[in-house]
Amino acid sequence: MPFAEMLPFIGVGAFGVFISSIAQVFLKKEALREHGSFLKEYVNPLVIGGYVLMLISTLLLVIAFKGIPLSMGPILEATSYVYVTVFGVVLFKEKLGKKKVAALAVIMLGIMVYSFGL
């Protein structure tokens with residue numbers, strides 16, 4: 001399949017990974033809170049919403065794989081590290097050290113080398 005025909009499927013897959021990253025933020029926000037009981041820890045809007053978003057993400061990736069090769073899956077999934085890092089810095093005030101920046105640069109370089117054949 002020509003690359004131009006794969007672009008919509010790549011977009012769907014990338015959106016699925018982005019949705020998955022948002023779900024991870026929901027689950028982390030809830031994990032940082034104190035809960036009164038075991039039931040309240042798992043039956044609350046953020047946890048349920050996080051798992052619903054994970055389901056949606058999975059369905060979007062299934063759709064994406066109808067038009068892209070399986071070998072592109074790990075590349076799409078690698079973009080989640082960038083999303084999660086940005087969310088962590090912005091929402092959770094996490095520190096972005098030199099090692100994290102270097103690791104993200106290596107991930108982005110790998111994505112570019114694979115995707116564009118640099």
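Conventions and cut-offs
- Position numbers for residues count from 1 along each chain, tracking the sequence in the order it is written.
- Only residues with pLDDT of 70 or above have their local features reported here, since the model is predicted, and side-chain atom pairs are shown and tallied only from 80 upward, although totals for entire chains, interfaces and linings are computed over all residues.
- Side-chain measures here rest on the full set of heavy atoms in the structure, leaving out hydrogens and waters.
- Helix and strand definitions here come from DSSP, where helices need a minimum of 4 consecutive H or I residues and strands a minimum of 2 consecutive E residues; each element is numbered from the N-terminal end.
- Residue burial is assigned from relative accessible area. The probe radius is 1.4 Å, only protein chains are included, and a residue is buried under 20% of its type maximum, exposed over 50%, and partly exposed in between.
- Among buried residues, those of type Ala, Val, Leu, Ile, Met, Phe, Trp, Tyr and Cys that are joined through side-chain atoms within 4.5 Å constitute a nonpolar core.
- Patch construction takes residues with relative accessible area above 30% that form no salt bridge. Like charges are linked within 9 Å, and nonpolar side chains (Val, Leu, Ile, Met, Phe, Trp, Tyr) are linked within 5 Å.
- To measure how exposed things are, a 1.4 Å probe is used in the Shrake-Rupley method; for residues, cover is taken only from the protein chains shown.
- Any Lys or Arg side-chain nitrogen located within 4 Å of an Asp or Glu carboxyl oxygen qualifies as a salt bridge.
- In what follows, a contact means two residues having at least one pair of non-hydrogen atoms within 4.5 Å.
- Polar contact is the term for a pair of N or O atoms within 3.5 Å; when the atoms are in protein, one must be able to donate a hydrogen and the other to accept it, and sequence-neighboring residues count only if both atoms are side-chain atoms.

A. Region of the structure containing the overall build of the protein chain. Each helix and strand in the protein chain was counted, giving five helices and zero strands. In sequence order, the protein chain lays out its α and β elements as α-α-α-α-α. Taken along the three principal axes of its C-alpha coordinates, the protein chain extends 55 × 35 × 15 Å. The burial tally for the protein chain puts 30% of its 118 residues in the buried class.

B. Region of the structure containing the nonpolar core. By size, the foremost hydrophobic cluster in this structure holds eight residues: Met6, Ile10, Val17, Leu61, Ala64, Ile68, Met72 and Leu76. Those elements that provide at least two residues to this core are helix 1 (3–31) and helix 3 (45–64). For this core, the leading source of residues is helix 1, giving three residues.

C. View of unusual backbone geometry. With a phi angle near 55°, Lys93 is a residue other than glycine that sits in the positive phi range. Turning to its location among the elements, Lys93 is positioned in the loop between helix 4 (73–92) and helix 5 (98–116).

D. Structural detail: a nonpolar patch on the surface. Residues Phe38, Leu39, Tyr42, Val43, Ile48, Val52 and Ile56 make up a contiguous nonpolar surface patch of about 710 Å² in total accessible area. Listing elements by their share of the nonpolar patch, those giving two or more residues are helix 2 (38–42) and helix 3.

E. Seen up close, the pattern of salt bridges. Evaluation of the coordinates by the stated rule reveals three salt bridges. Between Lys28 and Glu94 there is a salt bridge, and its shortest N-O distance comes to 2.3 Å. Linking Lys28 in helix 1 with Glu94 in the loop between helix 4 and helix 5, this pair joins segments that are 66 residues apart in sequence. In this structure Lys28 comes out as partly exposed when scored by relative accessible area, which is 33%.

F. Local environment of the side chain of Ser80. Its location among the elements puts Ser80 in helix 4. Sequence-distant contacts of Ser80, that is, excluding residues within four places in its chain, are made with Val17 and Ser21.

G. Expanded view of the side chain of Glu30. You can see Glu30 is positioned in helix 1. Accessibility expressed as a relative area gives 2% for Glu30, which makes it buried. Reaching out from Glu30, the side chain makes a polar contact with the side chain of Asn44 at a distance of 3.4 Å. Sequence-distant contacts of Glu30, that is, excluding residues within four places in its chain, are made with His35, Asn44, Leu46 and Val47.

H. Geometry of the environment of Leu61. Counting through the fold element by element, Leu61 comes out in helix 3. A residue is classified by how much of its surface remains accessible, and Leu61, at 13% relative accessible area, is buried. Note: C-alpha distance between Leu61 and Phe3 (58 residues apart in sequence) is 18 Å. In this structure Leu61 touches Gly13, Val17 and Glu77, once residues within four positions along its chain are discounted.

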